[in-house]
Amino acid sequence: MPDFAVFTENLGKFFGGFQAVKNLNLAVEYGEIFGFLGANGAGKTTAIRMLCGLLMPSSGSGAVAGFDIFKQGEKIKRHIGYMSQKFSLYEDLTIEENIEFYGGVYGLARPQLLAKRQDLLQDLGLSQQASTLTHDLPLGYKQRLALGCALLHDPKIVFLDEPTGGVDPEARRNFWNLIHAMAEQGKTVFVTTHYMDEAEYCNRVSIMYQGEIIALDRPEALKKQYGQTSMQDVFIHLVDR
Amino acid sequence: MSHRILPIIRKEFIHIRRDFRTLIIIFALPIFMLFMFGYAINLELQHIALTVVDDNNSPDSRALIRAFSGSKHFNISVYDGKVSEVGSLFHQRAAMAVLLIPHDFAEELGAHQKTSVQLLIDGSDSNTAQLISNYANAVLQNFNADRGVTLPFDVSLAIEYNPALKSTYFFVPGLVALILMMISALLTSVAIAREKETGTMEQILVSPLRPAEIILGKVIPYIVMAFLDGLLILLVAHFWFEVPLRGSAWLMLGGALLYIFVALSLGLLISTLAQNQQVAMMVALIASMLPTLMLSGFIFPVNSMPFLLQLISKIVPATYFLKIIRGVMLKGNTFEHIRLMFAALAAMGLFFTFVSTKRFKMTL
Ligand SMILES: Nc1ncnc2c1ncn2[C@@H]1O[C@H](COP(=O)(O)OP(=O)(O)OP(=O)(O)O)[C@@H](O)[C@H]1O
Ligand SMILES: [Mg+2]
């Protein structure tokens with residue numbers, strides 16, 4: 001099997017008689033920012049859950065970080081970071097308690113955890129508010145904190161499921177700066193979004209429709225192929241035809 | 001099991017500490033219920049307002065009245081209105097019972113060693129009426145005995161294990177069963193459902209922690225809280241309400257631990273059925289709290305239930321736990337007497353654990 005960050009062959013998932021994901025074929029390179037687009041209910045979250053070992057696939061095969069998603073789930077979990085589309089922080093814990101909890105769950109040693117905590121708080125500009133309840137943070141900060149918590153164990157591959165849902169354009173730009181910084185460090189970022197302008201920031205994007213990938217390429221190539229000026233138009237062109 | 005479950009345990013304690021409702025359920029509710037059952041719902045009645053209509057007014061009738069006023073259960077007042085209007089005493093709530101001594105009371109008593117008096121009791125609360133009737137009978141028996149009248153046979157009512165019929169003796173074991181069930185089944189299932197609802201469960205499941213470690217980390221704090229709570233209730237019951245402990249304390253605590261295990265496994269099972277807190281709460285109330293309250297023998301004796309409910313009571317864990325705790329506390333039972341109850345609880349706990357671990361993986 002060639003060395004890809006994420007590799008799938010005909011991966012599929014049935015919920016009862018309903019097929020949420022059909023014959024998914026992906027090959028995501030290490031260090032790539034891969035945009036995973038699709039309308040509501042297209043099957044993006046289901047696909048990500050299978051890749052992260054949260055859901056058993058019904059058919060096909062796949063590997064993440066070189067490990068088989070059917071048999072080596074435990075190994076995969078050590079190498080990936082994941083931010084679910086639902087909110088993933090404990091609102092009744094303080095900012096630092098959240099950081100310590102996620103660091104502890106990943107088995108970080110105490111000194112390492114404290115250093116990471118300090119860095120993260122500094123990056124977020126929240127060093128003074130470390131003991132504020134997470135509940136009281138603005139949404140944009142929460143999302144960046146959630147990302148920070150998902151990255152404490154320094155994973156090679158990061159899955160972000162709609163990380164920018166519901167925040168203002170400014171916070172989204174900040175968040176994408178972080179994504180680019182991660183890619184520059186060599187991390188692979190696998191990200192879903194509903195915002196087509198964000199698709200422009202990805203190295204490659206796939207567009208999923210009713211469980212199937214209907215287009216996959218670099219944003220410029222897709223715009224050229226379908227004769228559109230923006231990813232938004234490409235998406236509408238593909239989904240409405 | 002790894003050291004990584006420590007963060008989960010620590011986090012769970014923070015949740016408990018910061019959630020007002022959980023704190024109330026764990027600390028305030030048990031003590032409140034204990035004192036409510038201990039004091040307010042006292043099965044012993046005192047100061048029953050008894051109005052006497054003495055149409056005889058003789059030394060004998062006055063002796064009878066003195067016998068009533070000598071009892072701590074009755075407060076006597078004398079009525080001098082019309083006999084036909086005594087009913088209004090009940091309407092005005094001036095009396096709970098009226099004793100009518102007929103005009104020929106002393107004569108009849110002298111002539112036949114036997115006569116009757118009439119006791120009218122406000123029957124609007126049948127339990128109270130029953131108690132009043134019992135107390136009055138006791139007074140009359142004493143009165144007869146003092147006069148040297150012996151009845152053809154002895155009426156003697158002996159209540160084993162709880163001679164003074166103290167209500168706390170009955171309620172404390174049931175309360176322990178109820179509170180342990182509440183913390184173990186209700187709180188844990190809600191706590192797990194909450195993590196599913198907010199999506200944090202998914203976030204920990206994607207970590208290298210195994211599902212079994214996650215579950216263990218989540219339930220350990222509740223085991224600790226439930227056990228401490230059970231202990232607290234028992235200590236207050238023993239030292240404040242003077243409920244005896246006639247058997248081994250270790251046996252009782254062992255029974256409590258086993259029961260906590262059963263309740264927790266039931267809580268886990270509920271959490272696999274429920275995707276959100278509301279559903280978890282509803283299912284926990286219906287599947288664990290209500291049976292514990294209604295079908296275990298806590299309030300209604302199992303023997304007097306309809307056959308179908310008796311069958312259901314056999315699958316209610318509290319039914320067995322009550323036999324253990326009442327047996328050990330009040331009767332001084334040893335393990336030999338109650339090992340069947342231990343076996344039944346252990347079997348239930350293993351069954352629930354088996355089903356819920358099977359289901360846990362499927363539903364997450
Ligand atoms: N556990 C499940 N059981 C049954 N059906 C499911 C389950 N999870 C998802 N589905 C269905 O599978 C389809 C794909 O869902 P999925 O959440 O993967 O979509 P999505 O692309 O992430 O959508 P969104 O943009 O709204 O997040 C939907 O029709 C959804 O209802
Ligand atoms: Mg989704």
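Residues numbered from 1 in each chain as written. Chains lettered and ligands numbered in written order. Predicted model: local features only at pLDDT ≥ 70, side-chain atom pairs only at ≥ 80, totals over all residues. Heavy atoms only, no water.

Draft legend 1. Just the interface of chain A and chain B, in detail. Contacts between the two partners involve 26 residues from chain A and, on the opposite side, 24 residues from chain B. Summed over both sides, the interface between chain A and chain B buries roughly 2,300 Å², with carbon and sulfur atoms accounting for 56% of that surface. Our enumeration of links across chain A and chain B arrives at two salt bridges. With a closest N to O distance of 2.8 Å, Arg18 of chain B and Glu97 of chain A form a salt bridge. Across the contact surface, chain A and chain B share 11 residue pairs in polar contact (both at pLDDT 80 or more). Listed by contribution, the elements that provide at least two residues to the side of chain A that touches chain B are α2 (73-79), β6 (80-83) and α3 (95-105) of chain A. No other element matches α3 of chain A, which puts five residues into the side of chain A that touches chain B. For the side of chain A that touches chain B, the residue count by class is 14 nonpolar, five polar and seven charged. (Contact = heavy atoms within 4.5 Å. Buried area = accessible area lost by both parts, 1.4 Å probe. Salt bridge = Lys/Arg side-chain N within 4 Å of Asp/Glu carboxyl O. Polar contact = N/O pair within 3.5 Å; in protein donor to acceptor, adjacent residues only side chain to side chain. Helix = DSSP H or I, 4+ residues; strand = E, 2+ residues; numbered from the N terminus. Nonpolar A, V, L, I, M, F, W, Y, C, P; charged D, E, K, R; others polar.)

Draft legend 2. Representation of the coordination of the magnesium ion (ligand 2) within the structure. Residue and element names in this part refer to chain A. On the protein side, the magnesium ion (ligand 2) has Thr45 (OG1) and Gln85 (OE1) as donor atoms, found 1.8 to 2.3 Å from it. Note that Thr45 is positioned in helix α1 (residues 44-51) and Gln85 in the loop between β6 and α3, a separation of 40 residues in sequence. With a relative accessible area of 15%, Thr45 lands in the buried category. Accessibility expressed as a relative area gives 41% for Gln85, which makes it partly exposed. (Donors = N, O, S within 2.8 Å, 3.2 Å for Na, K, Ca; no water. Buried < 20%, exposed > 50% of the residue type's maximum accessible area, 1.4 Å probe, protein only.)

Draft legend 3. Spatial organisation of the sheet that holds strand β4 (residues 59-64) of chain A. Residue and element names in this part refer to chain A. As summarised here, the arrangement of the four strands in space is β2-β1-β4-β5, forming an open sheet in which the pairing is antiparallel. Two strands bound the open sheet, and with one partner strand each, they are β2 (18-28) and β5 (67-68). Pairing between strand β1 (residues 6-15) and β2: seven bridges, direction antiparallel. Looking at β2, one finds that Thr8 is bridged to Leu26. Sitting on the sheet, α1 touches β1, β2 and β4, and the angle it makes with β1 is about 120 degrees. (Pairing = 2+ DSSP bridges. Axes fitted to C-alpha atoms, helices over the stretch in contact; angles between N-to-C directions.)

Draft legend 4. Spatial organisation of unusual backbone geometry. All names here are of chain A. Positive phi, close to 35 degrees, is recorded for Asn23, a residue that is not glycine. Looking at the element boundaries, Asn23 is found in strand β2. The backbone of Gln210 sits at a positive phi, close to 45 degrees, despite the residue not being glycine. Checked against the element boundaries, Gln210 lands in the loop between β9 (204-209) and β10 (212-217).

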